Amino acid sequence: MKTLRMEEMNWVDIKKAIQDGFKTVIIGVGSTEQHGPHLPTQTDALIADVMVNLIAQNLKNALQARTISVGCSEHHLPFSGTISLKKSTLKAIINDYIESLQKHGFQNIIFIPTHGGNFNPIKETVEQAQVKYPDIKILAFTDLMRFMDVQDKIAAGLNITVEEAGGHAGEVETSEVLFLAENLVKKERFQPGYLGILGKEEIEMLFEKGMPSLTDIGVLGDPTKASKEHGKIYIEKMVEFLINEIKKGLVRD
Ligand SMILES: [Zn+2]
């Protein structure tokens, strides 16, 4: 098949693919939110879309459904351009995706969030949906701390510290967008953001009080260390990690 993206396919070919064994459907869940003065607001959605496409290609029996490109970004609303869904809205969207996709004969429905604010609402929705649809498998990778940890370890291998890698628009995400869409990156605006500890406490504070409580430019980490080469490595290694998790049946906690 030329494409695994269902939005580029027609119903006839989608139906045939499912009959031919493409029983898994994967959906990226990103956001539309500020990513510092240098990255586009579509950053998380772009990364989710590409990662899920690579995962689908690797699994060989999977199609990709339209990426959900808006998420729960309340903590970024003080910055212009951020569009945020209420948790109940995102949950409703995830539910409607599941309800639609299960009708077509998929046996596995898998959500891959790339934006921190989406992890919990997806986790709750998927758990409830699994009870409603016991005959199919509904999965999501929703362990945010582990996601960050894996990213930090890849960064460490590239001599990038945890603080520089950053949780938002830092070295990691800036490298990824340089690799995926360099034309959308404002390199002349690279400047370090918050470079302190980013543990569970800080992340909770971000969600409660908003990004300006830690950074007035909306950046956690240091984009000045970013490179296209690193971006390729981050994307490829995260994809490898997620494929392993999917093959294990996915970790939900
Ligand atoms: Zn992001």
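This report concerns the structure included in the present document. (Residues numbered from 1 in each chain as written. Predicted model: local features only at pLDDT ≥ 70, side-chain atom pairs only at ≥ 80, totals over all residues.)

**Overview of the overall build of the chain**
- Scanning the chain for helices and strands turns up nine helices and four strands.
- Listed by position from the N terminus, the elements making up the chain come as α-β-α-β-α-β-α-β-α-α-α-α-α.
- For the chain, whose C-alpha radius of gyration is 18 Å, the value lies close to the compact-globule estimate of 18 Å for 253 residues.
- Along the longest, intermediate and shortest principal axes, the C-alpha atoms of the chain span 50 × 35 × 30 Å.
- With 253 residues in all, the chain has 47% of them scored as buried.
- A sequence separation of at least 24 residues applies to 76% of the contacts in the chain between residues at least 6 apart. (Helix = DSSP H or I, 4+ residues; strand = E, 2+ residues; numbered from the N terminus. Rg over C-alpha atoms; globule rule 2.2 N^0.38 Å. Buried ≥ 20, exposed ≤ 12 C-beta atoms within 10 Å, placed from the backbone. Contact = placed C-beta atoms within 7 Å.)

**Regarding the nonpolar core**
- Ile26, Ile27, Phe111 and Ile112 are the most contacted members of the largest nonpolar core, which totals 62 residues.
- Top element by residues in this core is helix H2 (residues 43–59). It accounts for eight residues.
- Apart from residues no more than four positions distant in its own chain, isoleucine 112 is found in contact with Ile26, Gly28, Val29, Ala48, Met51, Val52, Phe141 and Leu242. (Core = buried A, V, L, I, M, F, W, Y, C linked by C-beta atoms within 7 Å.)

**Thoughts on the sheet that holds strand E1 (residues 24–29)**
- An order of E2-E1-E3-E4 is seen for the four strands of this open sheet, with the pairing classed as parallel. Across the chains shown, the open sheet's two edge strands, defined by having one partner strand only, are strand E2 (62–64) and strand E4 (137–140). Averaged over all pairs of adjacent strands, the angle between strand axes in this sheet comes to 20°, irrespective of strand direction.
- Against the sheet, H2 makes contact with E1, E2 and strand E3 (108–113), and its axis sits at roughly 160° relative to E1, the strand it touches most. (Pairing = 2+ DSSP bridges. Axes fitted to C-alpha atoms, helices over the stretch in contact; angles between N-to-C directions.)

**With respect to unusual backbone geometry**
- Even without being glycine, lysine 60 reaches a positive phi, approximately 75°.
- Along the chain, lysine 60 falls in the loop between H2 and E2.
- In this structure, asparagine 159 takes a positive phi of about 65° despite not being glycine.
- Position of asparagine 159 relative to the elements: it lies in the loop between helix H5 (144–156) and helix H6 (162–165).
- Here asparagine 159 falls in the exposed class, since 9 other C-beta atoms lie within 10 Å of it.

**Quick notes on the pairing of E3**
- For E3, the tally of buried residues reaches five of six residues, placing the bulk of the element in the interior.
- As paired strands, E3 and E4 are joined by four bridges and run parallel to one another. Bridge pairing links isoleucine 109 to isoleucine 138 in E4.
- For the crossover from E3 across helix H4 (residues 119–132) to E4, the handedness is right-handed. (Right-handed = clockwise from strand over helix to strand, strands pointing away.)

**A look at H5**
- The end-to-end C-alpha separation of H5 is 18 Å, in line with the 18 Å expected for 13 residues at 1.5 Å each.
- For H5, the complete set of buried residues consists of Phe147, Gln151, Asp152 and Ala155. Angular distribution of buried residues about the axis of H5 spans 130°; they occupy a single face of the element. H5 presents Met145, Asp149 and Ala156 as exposed residues on the side facing more than 90 degrees away from its buried surface.
- For H5, the elements touching its buried residues are H6, helix H7 (171–181) and helix H9 (228–247). (Expected span 1.5 Å × (residues − 1). Arc of directions from axis to C-beta.)

**So, the packing of H2 against H7**
- Relative orientation of the contacting elements H2 and H7 amounts to 65°, with a least axis distance of 10 Å. Taken as axis vectors, H2 and H7 run roughly perpendicular relative to one another. For the pair H2 and H7, the sense of crossing is left-handed. Within the contact between the two elements, H2 uses Thr43, Leu46, Ile47 and Val50 and H7 uses Glu173, Glu176, Val177, Leu180 and Ala181.
- Classifying every residue of the contact of H2 with H7 by side-chain character gives six nonpolar, one polar and two charged. (Parallel < 35°, antiparallel > 145°, perpendicular 65-115°, else oblique. Left-handed = near helix turned anticlockwise from the far one by under 90°. Nonpolar A, V, L, I, M, F, W, Y, C, P; charged D, E, K, R; others polar.)

**Thoughts on the packing of H2 against H9**
- Between H2 and H9, the least distance of the axes is 10 Å, while the angle of their chain directions is 55°. Considering the angle they form, H2 stands oblique to H9. Along this stretch, H2 crosses H9, giving a crossing that reads as right-handed. Every residue of H9 that contacts H2 at Val50, Met51, Leu54, Ile55 and Asn58 is listed here: Ile235, Met238, Val239, Leu242, Ile243 and Ile246.
- Taken together, the residues of the contact of H2 with H9 break down into 10 nonpolar, one polar and no charged.

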